[in-house]
Number of protein chains: 2
Amino acid sequence: MELTKDTRFLIIGLGLIGGCYARGLAKHGYHVAAVDQNPESIRYALAEGMIEKGSEIPTPELLGRCDAAVLGLYPAQMAGWIRQYQHLFRPGTLLTDVCGVKSGVVDAVQEALRPDLEFIGCHPMAGRELSGVQNSDERIFEGANFLITPTGRNTPEAIAFARELGRVLGFGRITELDPGQHDELIGFVSQLTHAIAVSLMTCNEDPNLQFVTGDSFRDLTRIARINEELWSELFFSNRERLLREIDSFAGQLGRLRRALAEGDQEGLREMFRKSTRRRAEFDRPAPEENA
Amino acid sequence: MELTKDTRFLIIGLGLIGGCYARGLAKHGYHVAAVDQNPESIRYALAEGMIEKGSEIPTPELLGRCDAAVLGLYPAQMAGWIRQYQHLFRPGTLLTDVCGVKSGVVDAVQEALRPDLEFIGCHPMAGRELSGVQNSDERIFEGANFLITPTGRNTPEAIAFARELGRVLGFGRITELDPGQHDELIGFVSQLTHAIAVSLMTCNEDPNLQFVTGDSFRDLTRIARINEELWSELFFSNRERLLREIDSFAGQLGRLRRALAEGDQEGLREMFRKSTRRRAEFDRPAPEENA
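Rules used in this analysis
Residues numbered from 1 in each chain as written. Chains lettered and ligands numbered in written order. Predicted model: local features only at pLDDT ≥ 70, side-chain atom pairs only at ≥ 80, totals over all residues. Heavy atoms only, no water. Pairing = 2+ DSSP bridges. Helix = DSSP H or I, 4+ residues; strand = E, 2+ residues; numbered from the N terminus. Axes fitted to C-alpha atoms, helices over the stretch in contact; angles between N-to-C directions. Contact = heavy atoms within 4.5 Å. Buried area = accessible area lost by both parts, 1.4 Å probe. Salt bridge = Lys/Arg side-chain N within 4 Å of Asp/Glu carboxyl O. Polar contact = N/O pair within 3.5 Å; in protein donor to acceptor, adjacent residues only side chain to side chain. Nonpolar A, V, L, I, M, F, W, Y, C, P; charged D, E, K, R; others polar. Least-squares fit on C-alpha atoms with pLDDT ≥ 70 in both.

Chemist: Is there a simple way to think about the sheet that holds strand 7 (residues 145–149) of chain B in this case?
Modeler: Strand pairs in the sheet, formed through backbone hydrogen bonds, run parallel or antiparallel to each other. Residues and elements named next belong to chain B. Strand order in the open sheet made by the eight strands is 3-2-1-4-5-6-7-8, with mixed pairing throughout. Every interior strand has two partners, whereas the edge strands, strand 3 (53–55) and strand 8 (174–176), have only one. If you compare each strand with its neighbour and ignore which way they point, the axes differ by 20° on average. For strand 4 (residues 68–71) and strand 5 (residues 94–97), the ladder comprises four bridges, and the chain directions are parallel. For alanine 69, the partnering residue across the bridge sits in strand 5 and is leucine 95. Lying on the sheet, helix 2 (residues 39–47) is in contact with strand 2 (31–35) and strand 3; it crosses strand 3 at an angle near 175°.

Listed below in structure tokens is the structure:
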């Protein structure tokens, strides 16, 4: 299946990210419909012109008429939803998702899937500290990273479709990696960072902190406003890897602490120099693409 | 001494923050001169119209003609500079600084100071990941926190001057606290955050990290680009407090780790809820002022 201007998208779950997909796709002239159990979310999306049609339940009309479905669901809901509703899709429909963990999700969904449907895992690496379609803004995708996690069950056409979807939505770099690699990296760059932000935000009870903070503290705790249902699920879905990342980070913080406690000024400066060099790589413009 | 349009400022040390002071004050029509050992910095500031006069060495003309001097020096340089050059100031000159630690600095400077001069400690809570006057931008002060650390040796007039200086430079909330309190809080909101950012940036060697990161990782490591001379000095000047803050944070990260390892989903969710509540306080508009 190719992504063309006639492709009809169906968003399942109009939360923050599902909302960003709907806005981005509608803005580029695609046909977009949505399913969300909250009638308020559907009404809002219709009023905003983000979707052409919507329903509180998965209907044969919506599922049977779409070419591609984006499942904006929590990881633990994915396989169950597929089992319950996949009979409503036409043969050849392409399914994708937005989950922040992949190992348990992609396998379970592909396992449960009808042989005449295809599922390709995607992870748009962007977010906000707010949730709900009302806070969606497709501009958060601009220049962000888009991760695709194909498996042996995916066709080159579905991978090409996912890449094109990432490009249409405005992502910068689009990277393919397998679900295990994905969760390894995400355990570090996304889950460990949230664990750190939450720990930092909750380890000091001083009520006047906000009057003495600079940008550093605000930056490090921005993501400490966190959807507790989604994130506890993400953490537990990737538990072993995240535990390893926490230990690796805690070990490094311990090394810094030791340099400070032992008066090792040169050791501390060397960590600062290394950190400066490493961080500078993140400010370079990204090369074209990384397959 | 009152801050009026005729007040002549002298900036000692035209680095990033000294440069921001010079720009901000010049923009508001004050007379600004500067001393910096690097002739390039002086030439640049003159060409930019940030200063009216400049010198590579502290001269009787510059020091003897200013009403207020802002010492943009490293903490360890402060008292020595005072001892070496204070004879050049006119009686009644007001001195202030921009140091990120206060306990060792304010006492040492006030101890060494001529009785007909006055020194009041200030800490502008703003910065950039770049250094040097060429990267100065007075807009980093807009709405930021300005901390004043008066002691029993300070006059109400000097405190009022410092508050007015903070207002002129565009700071949001201006807070007075004693040098010890200052260092306690700074150990947490500023130094601990830098220790975390550096540890996070240096605990993973994967060369492809930048292709899979989202905003969270970039936010948490922005300050990992760090001036190693200045920051190792700041860390060691506040060592005992920073060690305590690192331990407190590591303890909290350990609690999160335990909830995860033990499958305590509700414990994890409760940390996330607390973190969300605490972080929300930082997004509220600040009340008028906090003395």
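Chemist: Explain the interface of chain B and chain A to me, please; I cannot follow it from the model alone.
Modeler: You'll often see interface size given as the accessible area lost when the parts meet. Across the boundary between the two partners, chain B contributes 84 residues, which contact 84 residues of chain A. Summed over both sides, the interface of chain B with chain A buries roughly 8,600 Å², with 65% coming from carbon and sulfur. Three residues stand out in chain B for area buried against chain A, namely Phe211(B), Arg279(B) and Phe282(B), and they jointly supply 9% of the buried area on that side. Between chain B and chain A we count ten salt bridges in total. Glu229(B) is the partner of Arg269(A) in a salt bridge, and the nearest nitrogen-oxygen pair spans 3.8 Å. Remark: the boundary between chain B and chain A carries 34 residue pairs in polar contact (both at pLDDT 80 or more). When contributions to the side of chain B that touches chain A are tallied by element, the ones reaching two or more residues are strand 7, helix 7 (179–202), helix 8 (215–221), helix 9 (228–237), helix 10 (239–261) and helix 11 (265–280) of chain B. It is helix 10 of chain B that contributes the most residues to the side of chain B that touches chain A, 15 residues altogether. Class assignment of the residues belonging to the side of chain B that touches chain A gives a composition of 40 nonpolar, 20 polar and 24 charged.

Chemist: Looking at this model, I keep getting lost on the sheet that holds strand 8 (residues 174–176) of chain A. Mind explaining?
Modeler: Residue and element names in this part refer to chain A. Here eight strands make up an open sheet; going across it, the order is 3-2-1-4-5-6-7-8 and the pairing mixed. Taken across any chain shown, the strands that pair with only one partner, and hence form the sheet edges, are strand 3 (53–55) and strand 8. The mean inter-strand angle of the sheet, taken between neighbouring strand axes irrespective of direction, is 20°. Inspection of the sheet shows strand 2 (residues 31–35) paired to strand 3 by three bridges, in the parallel sense. Across the sheet, valine 35 pairs through a bridge with serine 55, a residue of strand 3. This element, helix 1 (residues 16–27), spans strand 1 (8–12), strand 2, strand 4 (68–71), strand 5 (94–97), strand 6 (118–125) and strand 7 (145–149) of the sheet and lies at about 165° to strand 1.

Chemist: Honestly, the relation of the copies chain B and chain A in this entry has me stumped. Any pointers?
Modeler: These two copies of the chain differ by a rotation about an axis and a displacement along the same axis. Placing chain B over chain A gives an RMSD of 0.0 Å and needs a rotation angle of 180°, together with 0.0 Å of translation along the axis. Taken together, these values place the two copies in the relation of a two-fold axis. Of the C-alpha atoms belonging to chain B, the one lying closest to the rotation axis is found on Leu220(B), 2.4 Å away.

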